[in-house]
Amino acid sequence: MGFRKDFLWGGATAANQCEGGYNEGGRGLANVDVVPIGPDRFPVITGEMKMFDFDDDHFYPAKEAIDMYHRWQEDIALFAEMGFKTYRLSIAWSRIFPNGDEKEPNEEGLKFYEDIFKECKKYGIEPLVTITHFDCPMHLIKEYGAWRSRKLVGFYENLCHVIFNRYKGLVKYWLTFNEINMILHAPFMGAGLYFEEGDNKDQVKYQAAHHELVASAIATKIAHEVDPENKVGCMLAAGAYYPYSCKPEDVFASRNNDRENYFFIDVQSRGEYPAYALKDLERKGIELKMEKGDLELLKENTVDFISFSYYSSRVSTTDPELLEQTAGNIFASVKNPYLKASEWGWQIDPLGLRITLNDIYDRYQKPLFIVENGLGAVDTPDSDGYVIDDYRIEYLAAHIAAMKDAVELDGVDLLGYTTWGCIDLVSAGTGEMKKRYGFIYVDRDNEGNGTLARTKKKSFDWYKQVIATNGEDLSTE
Ligand code: P53
């Protein structure tokens, strides 16, 4: 009983949130570089405010991030010390293709990740690679309008060809698009989409989503052709919606909110546009341009497993007063009166993870992989620089217990679990360093001050024990 013997315990990061080195090694500029910290971040990541380059009035935390570009050896050694079986990381597209539309890749970028994968292998760590974690080369945004353009499918296909061939035998687990549903909520950060006056935003977003879905299917096809050992997954920002009340209208609203997310996975895993989505697109007056063969591609190249991030459940309501309070969040949700929230207002719901695992497993019947989960919190090092993060341990222990119930009691087939930000990194939502998720503290603040020194937190030894016992020992003392 319990987790499978080869359960993949580990941690997750994304290139732009940890590497820095934004202009080193021949790397080109990307959307994720030019999103500033501060009040302009939200309008920029949602594509409302144009920011295609750096300016002097803003601070851009991704430029240096936590400097993993130069410190990855030290960081991977720490992951190995915790006993990681897997390490989820992403490839920065613009390291491999600085502009995105070149024919030939940038060798320095390819070599950078090859060295990382080899280092992982050295410790017996299986890399889990996100092909794109929100990033899109800036040149593709300026020249083609990013994923608005069908051309992006071809550029992405080229990237996939190169990396699948180059890393054959080194990487087996791939994710095509991080949180593919983020395109609806943060279209610039998630897919490089910027809106002009008069744009029909829904039309633009769903057309771009179609291009990503086709690109994802093509990636799956190539991955299997290059190496039948390859396993390709989709990736959803998950979290079940609860009805605020048992009023049927609230229940119906919660189902609709879930479908807005499942739409993507329905296509990637079942291989078809679901009926409800076709009706909804029609009602919204959205006409998707498809090419001949798209539907076959989608049908014939479905994913091998389903991965997702889970931080919180969400709540749906039809009550106009409650609805008012939800504006401004990336994912609209009403406050759940039964749950406590993090310092950033994310509601903490371990049982919601079990519910979400069951919902997804019921729907798709494929192996699942939790590739992000964790608590963003303020850490205060003591005089020795040590962080006693009992709140983080408590959060993770409760979520691991819930996922164990989903496996043991409900029969969910779960491949692994990687906590988000296993080393402190830049927050995607806010750009802050202060919102920390790691087992490893990084000395850097929101303004970019600090030595970048790495220090183990209390949770470091705790997670090591969790992995060593394959999730049996979650105790804190
Ligand atoms: P942060 C919300 C907002 C932005 C990105 O988020 C998000 C989410 C949660 O679904 O997605 C993931 O850093 C994402 C990571 C991100 C992590 O959540 O705002 O895949 O890149 O860092 C946590 O606290």
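Residues numbered from 1 in each chain as written. Predicted model: local features only at pLDDT ≥ 70, side-chain atom pairs only at ≥ 80, totals over all residues. Heavy atoms only, no water.

## Structural notes on the site of the ligand
Phase 1 of the analysis: Lining the immediate environment of the ligand, one finds 17 residues, of which Gln 17, Glu 179, Glu 372, Lys 435 and Tyr 437 sit closest.
Phase 2 of the analysis: Residue Asn 178 places a side-chain N or O atom 3.0 Å away from an oxygen atom belonging to the ligand.
Phase 3 of the analysis: Contact with the protein chains hides 97% of the accessible area of the ligand, taken as 470 Å² for the molecule alone.
Phase 4 of the analysis: A molecule is said to occupy a pocket when more than half its atoms come within 2 Å of that pocket's grid points, and by this definition the ligand occupies the largest pocket. (Near = heavy atom within 4 Å. Polar contact = N/O pair within 3.5 Å; in protein donor to acceptor, adjacent residues only side chain to side chain. Areas by Shrake-Rupley, 256 points an atom, 1.4 Å probe, with all protein chains shown as cover. 1 Å grid on protein atoms, 1.4 Å probe; cavity = no way out; pocket = protein on both sides within 12 Å on 5 of 7 lines; lining within 4 Å. Sits in = over half its atoms within 2 Å of the grid points.)

## Focus on the layout of surface pockets
Phase 1 of the analysis: Estimates place the volume of the largest pocket at around 890 Å³.
Phase 2 of the analysis: The wall of the largest pocket is formed by 37 residues, among which Ile 330, Phe 331, Trp 346, Gly 429 and Lys 435 lie closest to the centre.
Phase 3 of the analysis: At the level of elements, helix H2 (41-45), strand E5 (231-238) and strand E7 (305-310) are the ones that each hand at least two residues to the lining of the largest pocket.
Phase 4 of the analysis: It is H2 that contributes the most residues to the lining of the largest pocket, three residues altogether.
Phase 5 of the analysis: Split into classes, the residues belonging to the lining of the largest pocket amount to 17 nonpolar, 14 polar and six charged.
Phase 6 of the analysis: Together, 13 residues line the second largest pocket, and Asn 256, Arg 259, Glu 260, Tyr 276 and Asp 280 are the ones closest to its centre.
Phase 7 of the analysis: Elements with a contribution of two residues or more to the lining of the second largest pocket: helix H10 (248-270) and helix H11 (275-283).
Phase 8 of the analysis: The element contributing the most residues to the lining of the second largest pocket is H10, with six residues.
Phase 9 of the analysis: Tallied by class, residues from the lining of the second largest pocket come to six nonpolar, two polar and five charged. (Points joined across faces, edges and corners; volume = space filled by probe spheres on them. Helix = DSSP H or I, 4+ residues; strand = E, 2+ residues; numbered from the N terminus. Nonpolar A, V, L, I, M, F, W, Y, C, P; charged D, E, K, R; others polar.)

## Side note on helix H3 (residues 68-81)
Phase 1 of the analysis: At Glu 74, H3 shows its largest bend, some 40°.
Phase 2 of the analysis: All buried positions along H3 are accounted for by Met 68, Tyr 69, Trp 72, Asp 75, Ile 76, Leu 78 and Phe 79.
Phase 3 of the analysis: Backbone geometry just downstream of H3 places Gly 83 in the positive-phi region, at approximately 90°. (Bend = angle between axes of the 7 residues up to and from the residue. Buried < 20%, exposed > 50% of the residue type's maximum accessible area, 1.4 Å probe, protein only.)

## Side note on helix H16 (residues 458-468)
Side chains three or four residues apart in an α-helix point the same way, a direct result of the helix having 3.6 residues per turn.
Phase 1 of the analysis: Within H16, the full set of buried residues consists of Lys 458, Ser 459, Phe 460, Trp 462, Tyr 463, Val 466 and Ile 467.
Phase 2 of the analysis: Where H16 is buried, its residues meet strand E1 (8-12), H3, helix H15 (390-408), strand E10 (414-420), strand E11 (440-442) and strand E12 (454-456).
Phase 3 of the analysis: Downstream of H16 by a residue or two, Asn 470 has a phi angle that is positive, lying close to 50°. (Contact = heavy atoms within 4.5 Å.)

## Regarding the UniProt feature "active site" (unreviewed entry) in the chain
Phase 1 of the analysis: When the UniProt feature table is mapped onto this chain, "active site" (unreviewed entry) is found at Glu 372.
Phase 2 of the analysis: With respect to the helices and strands, the residue Glu 372 is situated in strand E9 (residues 368-372).
Phase 3 of the analysis: A relative accessible area of 4% means that Glu 372 is categorised as buried. (UniProt positions renumbered as here; feature names shortened; annotations may be inferred.)

## Remarks on the sheet that holds E10
Phase 1 of the analysis: On the basis of which strands lie adjacent, the closed barrel formed by eight strands has the order E1-E2-E3-E4-E5-E7-E9-E10 and parallel pairing. For this sheet, the mean angle separating the axes of adjacent strands, direction not counted, is 25°. (Pairing = 2+ DSSP bridges. Axes fitted to C-alpha atoms, helices over the stretch in contact; angles between N-to-C directions.)

## Description of the pairing of strand E4 (residues 173-177)
Phase 1 of the analysis: Burial of E4 is extensive: five of the five residues sit out of reach of the surface.
Phase 2 of the analysis: Sheet topology note: the strand E3 (residues 126-132)/E4 ladder contains four bridges and is parallel. Within E4, the residue paired with Thr 130 across the bridge is Leu 175.
Phase 3 of the analysis: The pairing of E4 with E5 spans three bridges and is parallel. In the strand pairing of E5, Trp 174 is matched with Val 232.

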